[in-house]
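Structural overview
Chain by chain, the residues:
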Amino acid sequence: MALPDAGTGAAPFLRIEGVSKSFGSFKAVNDVSLTVEKGEIFALLGGSGCGKTTLLRMLAGFEEPTAGRIFLDGRDMAGVQPWDRPVHMMFQSYALFPHMTVAKNIGYGLKHEKMTKAERDARVREMLDLVQLTQFAGRKPHQISGGQRQRVALARALARQPKLLLLDEPLAALDKKLREHTQFELMSIQQRTGVTFIVVTHDQEEAMTLADRIAVMDKGVVRQIGSPTEIYEFPNSRFVASFIGSITSFEAKVAGREGAHLVVDVPALGGRILARDVPGVVEGQAVTLAVRPEKLNLTKERPESPNAVEGMVKDLAYFGKDSLYRIALPSGALVQAHAVNARRGMEAARVADWDDKIWLSFDPGSAIVLAD
Amino acid sequence: MAEPSTLRDATAPVEPRQGGAFARWLDRRGWSDILIGGPYIWLLLLFLVPFLIVVAMSVATKTSTAPPISWGGEVPLLNWEPYQRVLSDGLYLRAFLTSVMNAGIAMILCLFIGYPMALGLVRVAPSWRNILLMLVILPFWTSFLLRVYAWMGLMGRNSWFNGMLTDAWNFLVPIDWAVRSIPMMNSNFAVVLVMVYTYLPFMILPLYASLERLDTTLDEAAMDLGSRPARVFWDVTLPQSVPGIIAGGMLVFIPAAGELVIPSLVGNASSPMIGRLISDEFSMARDWPMASAIAVMLLLLMVVPTMLYSHYQAKAGGSK
C-alpha cells in the first residue's frame, strides 16, 4: 500500500519509490514509498520484524531492493555500492573498530577523501569537539563508557559529511537517564550540521521526541506517515492508534452525522456519542471508537458534555504527577483514564477512590473514529 | 539447661562436617584447589622435572659407564664443553639454521595457504562449515608415518606424479633443460612440502577460531565509511586476527623446527636438521651430554620468542 505523503512541491531530497525486499518467500519490505526533505529528522518506527532495519540497510546499500527505486538528491542509487554512497550509518552496536583509538575511528572514513593530513587532523579535532570527546582521543573503544562510544560512532559517521545519516536504534543501548540527555544532544548536533537523519527505532517515545516526521511500519508496510502530532492525534488505523501511546477502543457503528460531528452507536458506552467526523465512513458501517486516557475527564457531578457516562472506579494507580484510573462501566467495559494530580495533598488530590461512582466525559474532538 | 540448642542463631555458619582437618579443608576450598592444582602438578612432573634432568645431563661428562654420564669424581662436576661445541662447531650452527629456515618457510607457507582457508570456513554457509572443518581434521585419522610414506612415493623418481611434473616441465622449458625426472626427494624442498602438508591444520584451526569471533558489522561499518572489500580486509579483518596468526605460527614453527621424522625420511642427509642431530648424538654416538645441550639450546630458541610475545600481549593490556 503506497500512501501519499505530505511532501512539498519541490523535488524531495530522498525519494523511496515502491521499494520491496524479499528474502526467499518472506517479504520483509512491501512496496514502500516515501520522501524525506533535506535537513529533516525522519523516523522509521515499528516493532521488531516490521522491515524498518531492512529498509535502512537498503538505503546504506547493504541490501539491494527486489523491486522499486531509491533516489538520493536526484541520483538513482540502484547498483551503487555501500562504499560509493554519500550515506553513512551509525550501527546499533556502534561497530567501533576495537584495535583503533577514538581519533583513528573518527578519522577512518577520511582516508578516502582528497585531503591533506593537516586537513584530516583538523576535521577529526572538529568532530571530537562536536561530541565533546577531545580528551579521549587516544583511548581505545573498550576504555570508554557506553555513552561515549555512542558519540564516537556518531562522530565517525558524520566526519565525511554525508548527505544522509542512518541511525539504527541510536539510543537502545543506553540507560534511561543517558537516553534522555542524548536525545537532545542528537537533535542539537543535527541542527548544527544540517545533515538529514533517518532514525530507525522501536521506541515510540524516542521517535516522537526526535523526529520531525514519523513513518509507522508494520509487517513490511508503511501504515502512516506524519508529524508526531498527526500520528498521535489523528491515527488512521487501529494499529497506529494502539502502537503510539495507550488508548481505549470500543466497537461502534456509525449512526449518522450531526452538524460537524459523526454520531456513533457505542454499546459499551451505553448509547450514542458524538465524534470527530472522518471522511469516507457511511451510515451503518462498523467502526472502532478510540479515546486516549488523558482525553477523558473525570467528575463527581454529571458534566455538560454530550459524551458522558457514569461508571465506578475499579482500580487506581498513583504515579506522582498523575494517576491512572480503571473505570468499570455499566456495560461491563473497562476504560482507562489519566488524571493529572494538579493539587497537592494526601487523599485530597484524588478525584475519586476505589468503588466511587464517577462520571466520565470527553470532547467530541477527542473521540477518534477508525474505519480500519 | 537444654535451652541453647533450640535458640541457635539461624545465621550462624553451618556446622563443619564431622571429621579431621582434611575433610574441613575439602569443604572450604579443596575441590577448586584440586582442579586448579591438577594441571600444575602435571606440568611439574611431566615437563619441568624432565627438563631439569635434561639440563643436568647437558652439563655432565660422557663416560663409558651405563648410563654413559657422570658428574664429579674423576670428571668435573659441571662440564660446559658440550655448549662450547654447539656454539663453535659449524655443523651444529648450520643445523640450527636449516631447522629455523625450513620451519620458517613452512610456517609462512602454512599462513598463506591456511589464512584463505580459515576465512573461507568462516564465510561459508553454516551448514557447510562443520563438513569443511571435518575435512581439515580428517588427515589425522590416517597414520602420520603412512602419509609421509605416501609423499615419498609421490615424489620418487619413478612415480606417476613425478612423471607428470617432469612432462609438464619438459613441455614448458627449452630442450636443453629437459630432465628425465625432477629431483624432489632428499631435499629441503621435500622437507618443507611435507611439513606444510602435515602442519597446515595447526595453522587453520587457531586462525579459524580467531576469525570466527570477529563481528561482521565491523566489516559493514568499514564499507559504509568508503572502504572496498580488499581494504576492509586489510584495515579491519587482518589486524584483528593477529593473535590467531601468532598462535597458528607458533603451533607450526615450534614442532617443525624440532621435527625428526620428516627430515629423516625425505630430507637431505648432508644438511641435517636439529632433531636429527639430537637423535644421532643420543642413540648413535651415545653422547648424552651433547644431545642434551642441543636440546636445551633448541628450547631456548623456542622459548625466547614465546616469552617476548606474551610480554607484548600483557602490555597490550587485554585489548585483544
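Residues numbered from 1 in each chain as written. Chains lettered and ligands numbered in written order. Predicted model: local features only at pLDDT ≥ 70, side-chain atom pairs only at ≥ 80, totals over all residues. Heavy atoms only, no water.

**Comments concerning the overall build of chain B**
A count of helical and extended segments in chain B gives 14 helices and two strands. Here chain B has a C-alpha radius of gyration of 28 Å; the compact-globule value for 320 residues is 20 Å, and the former is much larger. Oriented by its inertia axes, the alpha-carbon framework of chain B measures out at about 115 × 75 × 35 Å. The 320 residues of chain B split such that 36% are buried. Residue pairs at least 24 apart in sequence account for 68% of intrachain contacts in chain B once pairs closer than 6 positions are excluded. When the accessible surface of chain B is totalled, it reaches about 19,600 Å², and 71% of it is carbon and sulfur. Computing the positive centroid from 20 side-chain charges and the negative centroid from 20, chain B places the two 2 Å apart. (Helix = DSSP H or I, 4+ residues; strand = E, 2+ residues; numbered from the N terminus. Rg over C-alpha atoms; globule rule 2.2 N^0.38 Å. Buried < 20%, exposed > 50% of the residue type's maximum accessible area, 1.4 Å probe, protein only. Contact = heavy atoms within 4.5 Å. Areas by Shrake-Rupley, 256 points an atom, 1.4 Å probe, with all protein chains shown as cover. Lys, Arg positive; Asp, Glu negative; His and termini not counted. Charge placed at Lys NZ, Arg CZ, Asp CG, Glu CD.)

**Quick look at the pattern of salt bridges**
Under the criterion given, the structure shown has 24 salt bridges over all chains. The salt bridge partner of Asp218(A) is Arg223(A), with a shortest N-O separation of 3.1 Å. You can call Asp218(A) buried: its relative accessible area is 15%. The salt bridge partner of Lys295(A) is Glu294(A), with a shortest N-O separation of 3.5 Å. Members of the salt-bridge network, linked through shared partners, are Lys21(A), Arg57(A), Glu63(A) and Glu220(B). (Salt bridge = Lys/Arg side-chain N within 4 Å of Asp/Glu carboxyl O.)

**Focus on the environment of Ile53(B)**
Examined against the element boundaries, Ile53(B) turns out to sit in helix α2 (residues 21–58). For the pair Ile53(B) and Ser292(B), spaced 239 residues apart in the sequence, the C-alpha separation amounts to 9.2 Å.

**Re the nonpolar core**
All names here are of chain B. Met195, Val266 and Ile294 are the most contacted members of the largest nonpolar core, which totals 53 residues. A per-element tally of this core places helix α8 (residues 188–212) first, with 13 residues. The contacts of Ile294, once residues within four sequence positions are left out, are Val86, Tyr92, Phe96, Ile274, Leu277, Ile278 and Glu281. (Core = buried A, V, L, I, M, F, W, Y, C linked by side-chain atoms within 4.5 Å.)

**Brief notes about the domain arrangement of chain A**
All names here are of chain A. The domain architecture assigned to chain A consists of domain 1 (14–242) and domain 2 (246–370). Between the C-alpha centres of domain 1 and domain 2 the distance comes to 39 Å. Across the contact, ten residues belong to domain 1 and eight residues belong to domain 2. Together, Tyr232, Arg238 and Ala241 form the three largest contributors to the area buried by domain 1 at its contact with domain 2, with a combined 55%. Residue Lys295 pairs with Glu233 through a salt bridge whose shortest N-O separation is 3.2 Å. Seen at the junction of domain 1 and domain 2, the total is five residue pairs in polar contact (both at pLDDT 80 or more). Of all the elements in the fold, those that place two or more residues in the side of domain 1 that touches domain 2 are α7 (228–233) and α8 (238–243). Of the residues belonging to the side of domain 1 that touches domain 2, the class tally is five nonpolar, three polar and two charged. (Domains from an automatic or database assignment. Buried area = accessible area lost by both parts, 1.4 Å probe. Polar contact = N/O pair within 3.5 Å; in protein donor to acceptor, adjacent residues only side chain to side chain. Nonpolar A, V, L, I, M, F, W, Y, C, P; charged D, E, K, R; others polar.)

**Digging into the interface of chain A and chain B**
A common way to state how big an interface is: give the accessible area lost once the parts meet. Counting residues at the interface gives 25 residues for chain A and 20 residues for chain B. Regarding the contact of chain A and chain B, the summed buried area is about 1,900 Å², with carbon and sulfur atoms giving 59% of it. Taken as a group, Trp83(A), His99(A) and Tyr108(A) account for 31% of the area that chain A buries against chain B, more than any other trio of residues on that side. If you look at where chain A meets chain B, you find two salt bridges. Across the salt bridge formed by Lys111(A) and Asp235(B), the nearest N and O atoms sit 2.9 Å from each other. Remark: the boundary between chain A and chain B carries ten residue pairs in polar contact (both at pLDDT 80 or more).

**Focus: the UniProt feature "domain: ABC transmembrane type-1" (unreviewed entry) in chain B**
What UniProt calls "domain: ABC transmembrane type-1" (unreviewed entry) maps, in this numbering, to residues 96–309 of chain B. For residues 96–309 of chain B, the end-to-end C-alpha separation is 21 Å, with 78% helix and 0% strand making up the annotated structure. (UniProt positions renumbered as here; feature names shortened; annotations may be inferred.)

**What about the UniProt feature "transmembrane region" (unreviewed entry) in chain B?**
Residue and element names in this part refer to chain B. Sites flagged by UniProt as "transmembrane region" (unreviewed entry) map to residues 40–60, 91–115, 127–150, 189–209 and 288–312. Along residues 127–150 the backbone is 75% helical and 0% strand, and the end-to-end C-alpha distance reaches 32 Å. Structurally, residues 189–209 comprises 100% helix and 0% strand, and the distance from its first C-alpha atom to its last is 30 Å.

**As for the packing of helix α3 (residues 81–88) of chain B against helix α4 (residues 90–123) of chain B**
Two quantities define a packed helix pair, namely the angle between the axes and the distance from one axis to the other. All names here are of chain B. In the contact formed by α3 and α4, the axes pass within 5 Å of each other and the chain directions differ by 65 degrees. As summarised for this structure, α3 and α4 are arranged roughly perpendicular, according to the angle between their axes. Mapping the contact onto sequence places Arg85, Val86, Leu87 and Ser88 in α3 and Gly90, Tyr92, Leu93 and Phe96 in α4. Across the contact of α3 with α4, the residue classes tally to five nonpolar, two polar and one charged. (Axes fitted to C-alpha atoms, helices over the stretch in contact; angles between N-to-C directions. Parallel < 35°, antiparallel > 145°, perpendicular 65-115°, else oblique.)

**A look at the packing of helix α5 (residues 126–137) of chain B against α8(B)**
Residue and element names in this part refer to chain B. The contact between α5 and α8 brings their axes to 9 Å, and the two run at 150 degrees. The orientation of α5 relative to α8 falls into the category roughly antiparallel. Along this stretch, α5 crosses α8, giving a crossing that reads as left-handed. Contact residues: α5 offers Arg129, Leu133, Val136 and Ile137, while α8 offers Pro201, Ile204, Leu205, Tyr208 and Glu212. Looking at the contact of α5 with α8 residue by residue, the class counts come to seven nonpolar, no polar and two charged. (Left-handed = near helix turned anticlockwise from the far one by under 90°.)

**Observations concerning the sheet that holds strand β4 (residues 67–72) of chain A**
All names here are of chain A. Reading across from one edge, β2-β1-β4-β5 is the order of the four strands in this open sheet, with antiparallel pairing throughout. Lying at the two open borders of the sheet, with one neighbouring strand each, are β2 (26–36) and β5 (75–76). Sheet topology places β4 next to β5; two bridges connect them, and they run antiparallel. Note that in β5 the partner of Phe71 across the bridge is Asp76. On the sheet, helix α1 (residues 52–60) packs against β1 (14–23), β2 and β4 and is oriented at approximately 115 degrees with respect to β1. (Pairing = 2+ DSSP bridges.)

**Observations regarding the UniProt feature "domain: ABC transporter" (unreviewed entry) in chain A**
Those places that UniProt annotates as "domain: ABC transporter" (unreviewed entry) correspond, in this numbering, to residues 14–244 of chain A. With 34% helix and 26% strand, residues 14–244 of chain A has end C-alpha atoms that lie 25 Å from one another.

**Observations concerning the packing of aromatic side chains**
Within the structure shown, the criterion is met by eleven aromatic pairs over all chains. A centroid spacing of 5.6 Å and a plane angle of 90 degrees characterise the contact between Tyr115(B) and Phe233(B), whose relative ring orientation is edge-to-face. One end of the pair, Tyr115(B), is in helix α4; the other, Phe233(B), is in helix α10 (residues 229–240), with 118 residues separating them in the sequence. Ring pairs connect the aromatic residues Phe140(B), Tyr199(B) and Phe202(B), which therefore count as one cluster. Over the ring of Phe71(A) we find Arg15(A), and its NZ or CZ is 4.6 Å from the ring centre. (Phe/Tyr/Trp six-rings, centres within 6.5 Å; stacked < 30°, edge-to-face > 60°. Lys NZ or Arg CZ within 6 Å of the ring centre and 35° of its normal.)

**Details of the sheet that holds strand β20 (residues 368–370) of chain A**
Across a sheet, paired strands are connected by hydrogen bonds in the backbone, their directions being either parallel or antiparallel. Residue and element names in this part refer to chain A. Strand order in the open sheet formed by five strands is β13-β12-β11-β14-β20, and the pairing between neighbours is antiparallel. Each of the sheet's edge strands pairs with one partner strand only, and the pair in question is β13 (271–276) and β20. On average, each strand axis in the sheet is tilted by 45 degrees relative to the strand beside it, whichever way the strands run. As paired strands, strand β12 (residues 261–266) and β13 are joined by six bridges and run antiparallel to one another. Bridge assignment links Leu262 to a residue of β13, and that residue is Ala275.

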